[in-house]
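As a plain string of letters, each chain reads:
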Amino acid sequence: APLLNPAVLALDWLLGSWESDEPGEGSFPTVPPFRYSETLHFTHVGQPVINFMFNAFHTESKKPMHRECGFIRLQPGTNKVAFIIAQNSGLVEIEEGELTGQQVSLQTHALARTSFSKEPHVQQIHREFRLRGDGRLEQTVSMATSDQPLTQHLHITYRRSS
Ligand code: HEM
(Lines give C-alpha, C1' and ligand atoms only; values in the text may rest on other atoms or scores of the structure.)
Protein backbone atom coordinates (compact mmCIF):
# COMPACT_ATOMS: atom_id res chain seq x y z
CA ALA A 1 0.00 0.00 0.00
CA PRO A 2 1.29 3.51 -0.72
CA LEU A 3 2.39 5.70 2.16
CA LEU A 4 -0.15 8.21 3.37
CA ASN A 5 0.67 11.56 1.80
CA PRO A 6 1.86 13.90 4.57
CA ALA A 7 -0.57 16.56 3.26
CA VAL A 8 -3.50 14.50 4.63
CA LEU A 9 -1.83 13.02 7.71
CA ALA A 10 -4.12 15.10 9.95
CA LEU A 11 -7.09 13.10 8.57
CA ASP A 12 -5.59 9.66 9.28
CA TRP A 13 -8.19 9.05 12.03
CA LEU A 14 -10.89 8.75 9.33
CA LEU A 15 -9.13 6.11 7.21
CA GLY A 16 -10.65 2.65 6.94
CA SER A 17 -14.17 1.28 6.97
CA TRP A 18 -16.96 2.15 9.35
CA GLU A 19 -20.39 0.63 9.91
CA SER A 20 -23.31 2.12 11.83
CA ASP A 21 -23.39 0.42 15.23
CA GLU A 22 -27.07 1.18 15.78
CA PRO A 23 -29.57 2.60 13.30
CA GLY A 24 -29.05 6.23 12.35
CA GLU A 25 -31.86 8.67 13.02
CA GLY A 26 -33.38 10.59 10.12
CA SER A 27 -35.58 13.59 10.63
CA PHE A 28 -36.87 16.71 8.94
CA PRO A 29 -40.01 18.80 9.47
CA THR A 30 -41.54 17.50 6.22
CA VAL A 31 -40.52 13.84 6.63
CA PRO A 32 -41.74 11.18 9.09
CA PRO A 33 -38.84 10.17 11.38
CA PHE A 34 -36.91 7.23 9.92
CA ARG A 35 -33.99 4.93 10.74
CA TYR A 36 -31.23 3.76 8.45
CA SER A 37 -27.88 1.96 8.36
CA GLU A 38 -24.73 3.15 6.62
CA THR A 39 -21.21 2.09 5.78
CA LEU A 40 -18.37 4.56 5.22
CA HIS A 41 -15.07 3.86 3.44
CA PHE A 42 -12.17 6.30 3.56
CA THR A 43 -9.15 5.30 1.45
CA HIS A 44 -6.07 6.85 -0.17
CA VAL A 45 -3.68 6.08 -3.00
CA GLY A 46 -0.77 8.22 -1.84
CA GLN A 47 -2.12 11.44 -3.34
CA PRO A 48 -2.68 14.49 -1.10
CA VAL A 49 -6.36 13.46 -1.05
CA ILE A 50 -8.62 11.11 0.89
CA ASN A 51 -11.24 9.22 -1.18
CA PHE A 52 -14.57 8.31 0.36
CA MET A 53 -17.79 6.34 -0.29
CA PHE A 54 -20.86 6.47 1.97
CA ASN A 55 -23.58 3.89 1.34
CA ALA A 56 -26.84 4.11 3.29
CA PHE A 57 -29.35 1.28 3.26
CA HIS A 58 -32.64 0.29 4.86
CA THR A 59 -31.86 -1.33 8.21
CA GLU A 60 -34.33 -4.21 7.86
CA SER A 61 -34.62 -4.84 4.12
CA LYS A 62 -30.98 -3.82 3.34
CA LYS A 63 -32.35 -1.99 0.30
CA PRO A 64 -29.81 0.62 -0.93
CA MET A 65 -30.81 4.21 -0.16
CA HIS A 66 -28.73 7.37 -0.18
CA ARG A 67 -25.15 7.18 -1.56
CA GLU A 68 -22.35 9.72 -1.70
CA CYS A 69 -18.78 9.58 -2.88
CA GLY A 70 -15.99 12.06 -3.24
CA PHE A 71 -12.67 13.41 -2.12
CA ILE A 72 -11.27 15.31 0.83
CA ARG A 73 -8.51 17.90 0.51
CA LEU A 74 -6.75 20.10 3.04
CA GLN A 75 -5.40 23.55 2.24
CA PRO A 76 -1.64 23.16 2.84
CA GLY A 77 -0.40 24.75 6.05
CA THR A 78 -3.91 25.42 7.38
CA ASN A 79 -6.74 23.55 9.08
CA LYS A 80 -9.07 24.34 6.18
CA VAL A 81 -10.74 21.22 4.79
CA ALA A 82 -12.85 20.66 1.66
CA PHE A 83 -15.15 17.76 0.82
CA ILE A 84 -15.90 17.38 -2.91
CA ILE A 85 -19.10 15.32 -3.04
CA ALA A 86 -21.39 13.61 -5.56
CA GLN A 87 -24.73 12.29 -4.29
CA ASN A 88 -26.93 9.70 -6.05
CA SER A 89 -29.87 12.09 -5.72
CA GLY A 90 -28.36 14.28 -8.45
CA LEU A 91 -26.64 16.76 -6.16
CA VAL A 92 -22.98 17.72 -6.38
CA GLU A 93 -21.48 19.78 -3.68
CA ILE A 94 -18.37 21.30 -2.18
CA GLU A 95 -18.42 21.61 1.57
CA GLU A 96 -15.69 23.52 3.35
CA GLY A 97 -14.82 24.03 6.96
CA GLU A 98 -12.28 23.34 9.63
CA LEU A 99 -10.42 20.36 10.97
CA THR A 100 -9.95 20.67 14.73
CA GLY A 101 -8.26 17.64 16.29
CA GLN A 102 -10.45 14.67 15.39
CA GLN A 103 -13.45 16.72 14.35
CA VAL A 104 -14.45 18.23 11.00
CA SER A 105 -17.14 20.92 10.71
CA LEU A 106 -18.36 21.69 7.21
CA GLN A 107 -20.87 23.78 5.35
CA THR A 108 -21.88 24.11 1.73
CA HIS A 109 -19.54 26.27 -0.33
CA ALA A 110 -20.97 25.37 -3.75
CA LEU A 111 -23.88 23.24 -4.87
CA ALA A 112 -25.41 22.13 -8.15
CA ARG A 113 -28.14 19.69 -9.13
CA THR A 114 -29.57 18.02 -12.20
CA SER A 115 -31.97 20.23 -14.16
CA PHE A 116 -34.78 17.75 -13.44
CA SER A 117 -34.23 17.19 -9.71
CA LYS A 118 -37.32 17.04 -7.50
CA GLU A 119 -38.37 19.88 -5.22
CA PRO A 120 -37.79 20.91 -2.52
CA HIS A 121 -34.24 21.83 -3.44
CA VAL A 122 -31.46 21.68 -0.86
CA GLN A 123 -29.91 25.11 -0.38
CA GLN A 124 -27.38 24.60 2.39
CA ILE A 125 -25.86 21.68 4.28
CA HIS A 126 -24.04 21.70 7.61
CA ARG A 127 -22.18 18.55 8.51
CA GLU A 128 -19.96 17.39 11.32
CA PHE A 129 -17.77 14.30 11.75
CA ARG A 130 -16.31 13.64 15.17
CA LEU A 131 -14.21 10.77 16.50
CA ARG A 132 -15.44 10.23 20.04
CA GLY A 133 -13.38 9.22 23.03
CA ASP A 134 -14.96 5.74 22.88
CA GLY A 135 -13.59 5.19 19.34
CA ARG A 136 -16.92 5.70 17.60
CA LEU A 137 -17.32 8.07 14.70
CA GLU A 138 -20.33 10.37 14.76
CA GLN A 139 -21.91 12.21 11.82
CA THR A 140 -24.55 14.93 12.11
CA VAL A 141 -26.13 16.59 9.05
CA SER A 142 -28.48 19.57 8.96
CA MET A 143 -29.91 21.10 5.80
CA ALA A 144 -31.98 24.02 4.59
CA THR A 145 -34.29 23.50 1.63
CA SER A 146 -36.31 25.83 -0.56
CA ASP A 147 -39.10 25.52 2.02
CA GLN A 148 -37.46 24.75 5.39
CA PRO A 149 -34.78 26.56 7.40
CA LEU A 150 -31.59 24.79 8.51
CA THR A 151 -32.81 21.74 10.48
CA GLN A 152 -31.23 18.43 11.45
CA HIS A 153 -31.73 15.63 8.88
CA LEU A 154 -29.33 12.92 10.08
CA HIS A 155 -27.54 11.69 13.16
CA ILE A 156 -25.60 8.44 13.24
CA THR A 157 -22.66 6.75 14.93
CA TYR A 158 -20.32 4.16 13.44
CA ARG A 159 -17.99 1.49 14.73
CA ARG A 160 -14.75 0.81 12.86
CA SER A 161 -15.13 -2.38 10.78
CA SER A 162 -11.57 -2.48 9.31
C1 HEM B 1 -35.61 13.29 2.35
C2 HEM B 1 -31.57 15.68 1.24
C3 HEM B 1 -28.91 12.14 3.17
C4 HEM B 1 -32.91 9.52 3.75
C5 HEM B 1 -34.74 14.25 1.89
C6 HEM B 1 -35.14 15.49 1.26
C7 HEM B 1 -34.01 16.14 0.94
C8 HEM B 1 -32.89 15.35 1.38
C9 HEM B 1 -33.91 17.49 0.25
C10 HEM B 1 -36.58 15.94 0.99
C11 HEM B 1 -37.05 16.80 2.14
C12 HEM B 1 -38.45 17.34 1.93
O13 HEM B 1 -39.25 16.72 1.22
O14 HEM B 1 -38.75 18.42 2.51
C15 HEM B 1 -30.51 14.94 1.71
C16 HEM B 1 -29.12 15.37 1.66
C17 HEM B 1 -28.37 14.37 2.21
C18 HEM B 1 -29.30 13.32 2.58
C19 HEM B 1 -28.64 16.69 1.08
C20 HEM B 1 -26.89 14.29 2.44
C21 HEM B 1 -26.15 15.34 2.77
C22 HEM B 1 -29.76 11.10 3.46
C23 HEM B 1 -29.34 9.82 3.98
C24 HEM B 1 -30.44 9.09 4.13
C25 HEM B 1 -31.58 9.90 3.73
C26 HEM B 1 -27.90 9.38 4.29
C27 HEM B 1 -30.45 7.68 4.67
C28 HEM B 1 -31.20 6.72 4.19
C29 HEM B 1 -33.98 10.33 3.43
C30 HEM B 1 -35.37 9.88 3.52
C31 HEM B 1 -36.16 10.97 3.13
C32 HEM B 1 -35.22 12.05 2.81
C33 HEM B 1 -35.84 8.48 3.93
C34 HEM B 1 -37.69 11.04 3.07
C35 HEM B 1 -38.23 10.35 1.89
C36 HEM B 1 -37.74 10.96 0.63
O37 HEM B 1 -37.99 12.17 0.40
O38 HEM B 1 -37.04 10.25 -0.11
N39 HEM B 1 -33.38 14.20 1.95
N40 HEM B 1 -30.57 13.71 2.27
N41 HEM B 1 -31.11 11.12 3.33
N42 HEM B 1 -33.94 11.63 3.03
FE43 HEM B 1 -32.26 12.70 2.73
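You'll find the structure just up there.
First things first, this report covers the structure right here in the doc. Values in this document were obtained by computation on a predicted structure and should not be read as measured data.

What counts and what doesn't
- Residues numbered from 1 in each chain as written.
- Predicted model: local features only at pLDDT ≥ 70, side-chain atom pairs only at ≥ 80, totals over all residues.
- Heavy atoms only, no water.
- Buried < 20%, exposed > 50% of the residue type's maximum accessible area, 1.4 Å probe, protein only.
- Helix = DSSP H or I, 4+ residues; strand = E, 2+ residues; numbered from the N terminus.
- Pairing = 2+ DSSP bridges.

### Overview of the pairing of strand 10 (residues 137-145)
For step 1, the next point in the chain: In terms of residue burial, strand 10 counts as a mostly covered element, since 9 of its 9 residues are buried.
For step 2, the next point in the chain: Bridge count between strand 9 (residues 122-131) and strand 10: 9 bridges; the pairing is antiparallel. Its bridge partner lying in strand 10, I125 is registered against M143.
For step 3, the next point in the chain: Linking strand 9 back to strand 10 in an antiparallel pair, the connection comprises 5 residues, with G135 at a positive phi of about 90°.
For step 4, the next point in the chain: Judged from the 8 bridges that link them, strand 10 and strand 11 (residues 148-160) form a sheet pairing that is antiparallel. From the neighbouring strand, T140 faces strand 11, where its bridge partner is H155.
For step 5, the next point in the chain: Linking two consecutive strands that pair antiparallel, namely strand 10 and strand 11, is a turn of 2 residues.

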